[in-house]
Amino acid sequence: MRRLVLAVAMLCGIGLVAAPAAAAVTPDKADAAAGWLARQLIDGERFEADFGGQKFPDQGLTIDAVFAFAAAGVSDTNAGKAIAWLAKPEITAGYVGSGNEAYAGAHAKLMLAAQIRGSNPSSFGGVDLTAGLLSLLTPSGRFSDRTEFGDYSNALSQSLALLALDRTPGGAPASAVTFLAGAQCADGGFPQNFGEATCTSDVDATATAVQALRATGDAVNAAEGTAWLVTKQHTNGGFGFGTNPPNANSTGLAAQALAGHRPAAAARARAFLRSLQTGCAGAAADRGAIAYDATGLNPSTAPRATAQAILGLARVPLSDLHGGGRPQAPVLSCPRV
């Protein structure tokens, strides 16, 4: 039969185009979100930031995608392409700093991404990320930026540093764990910025800090931070930044921190995230995407919102993320109309 079809096609001058392989479909909301996220990557490997019409590499968002793919256990092909792009010397140096510039948060986040993907962080993009991060450890235990533009290290960068170094044979420095624990506010939460006159707990910082403290053995302060998180959950299950309405980014991080520790609160947070996800009633190209908030899907904020929401939907802590999932980027399974 195939020969007959080919013969007719040749006689009629018709070109045959091979049908694309059927995309993997899934009913799982985290998997569908990760599949959508993978399809937003430029050349299947990276994200870029647009400032006034000029494009710049967005290493941070690309790493967020690597974390999300590992959490969902899908889109592994794209995760591999992303880490290969991040390992280009100019991309690595442009992110972690070079010469007299070195950024603690970037070192920690990229080091954790390399570890998740099974790469050697001591030789990544021509940089020893492990040594570079440890060189930024100050006598106080804080990982600080080395830069002439001001120190922007904070609780998020400190937590990521602990999570990355905890995966090394030497473990996370005890002084760094003590520094993070000592930054805890009186209410049990953690501030985003260190050294402020008034200690103001922050959802994103607390969600990341409790994961770092659990991983490094400080269960007491982690439990206090978890208890504070629960008090900040909105009635719809979401979490917000300060007094702002709930959003997918903060809720994703909080749900990840709550999973396995406060299951009821975590379940409500996941329900909120699913309420922001484009389902089968939406445009096919948008299915699986997660909006930043209830105002609707915005292409400029959806990639980061989706990446961080996946962390909460997948229920895998940052300390347990590993690559090697299914290669395909699945699409949300929807009934045929």
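Quantities reported herein were computed from a predicted structural model and do not represent experimental measurements. (Residues numbered from 1 in each chain as written. Predicted model: local features only at pLDDT ≥ 70, side-chain atom pairs only at ≥ 80, totals over all residues. Heavy atoms only, no water.)

Draft legend 1. A look at helix α14 (residues 302–314). Look at α14: 18 Å from first C-alpha to last across 13 residues, which is about the 18 Å you get at 1.5 Å a residue. Of all 13 residues that make up α14, eleven are buried, and the element is covered over most of its length. Buried residues of α14: A302, P303, A305, T306, A307, Q308, A309, I310, L311, G312 and L313, and no others. As for α14, its buried residues are in contact with α2 (29–40), α3 (59–72), α12 (248–258) and α13 (263–275). Following α14 by one or two positions, R315 has its phi on the positive side, about 65 degrees. (Helix = DSSP H or I, 4+ residues; strand = E, 2+ residues; numbered from the N terminus. Expected span 1.5 Å × (residues − 1). Buried < 20%, exposed > 50% of the residue type's maximum accessible area, 1.4 Å probe, protein only. Contact = heavy atoms within 4.5 Å.)

Draft legend 2. Expanded view of the pattern of salt bridges. Overall, the coordinates contain ten salt bridges when judged by the stated rule. D43 is the partner of R46 in a salt bridge, and the nearest nitrogen-oxygen pair spans 3.0 Å. As a salt-bridge pair, R304 and D58 come within 3.4 Å of each other at their nearest N and O atoms. Of this pair, R304 sits in helix α14 while D58 is found in the loop between β3 (54–57) and α3, placing the two residues 246 residues apart along the sequence. We classify R304 as partly exposed; its relative accessible area is 32%. For D58, a relative accessible area of 15% gives the class buried. One salt-bridge network, held together by shared partners, links D43, E45, R46 and E48. (Salt bridge = Lys/Arg side-chain N within 4 Å of Asp/Glu carboxyl O.)

Draft legend 3. Structural detail: the layout of surface pockets. A volume near 1000 Å³ is recorded for the largest pocket. Considering the residues around the largest pocket, the lining is formed by 40 residues, among which L61, D64, Y95, K109 and R304 are closest to the centre. Among the elements of the structure, β2 (48–51), α3, α5 (89–96), α6 (104–116), α8 (155–165), α10 (203–215), α12 and α14 are those that each provide at least two residues to the lining of the largest pocket. Here the lining of the largest pocket takes five residues from α14, the largest share from any one element. (1 Å grid on protein atoms, 1.4 Å probe; cavity = no way out; pocket = protein on both sides within 12 Å on 5 of 7 lines; lining within 4 Å. Points joined across faces, edges and corners; volume = space filled by probe spheres on them.)

Draft legend 4. Spatial organisation of the nonpolar core. L37, F67, F69, L86, L110, L229 and I310 are the most contacted members of the largest nonpolar core, which totals 88 residues. Apart from residues lying up to four places away in sequence, L86 is in contact with Q59, T62, I63, V66, I91, T92, L110 and F124. Core analysis: the second largest hydrophobic core is formed by five residues, F179, A183, F194 and A205 among them. (Core = buried A, V, L, I, M, F, W, Y, C linked by side-chain atoms within 4.5 Å.)

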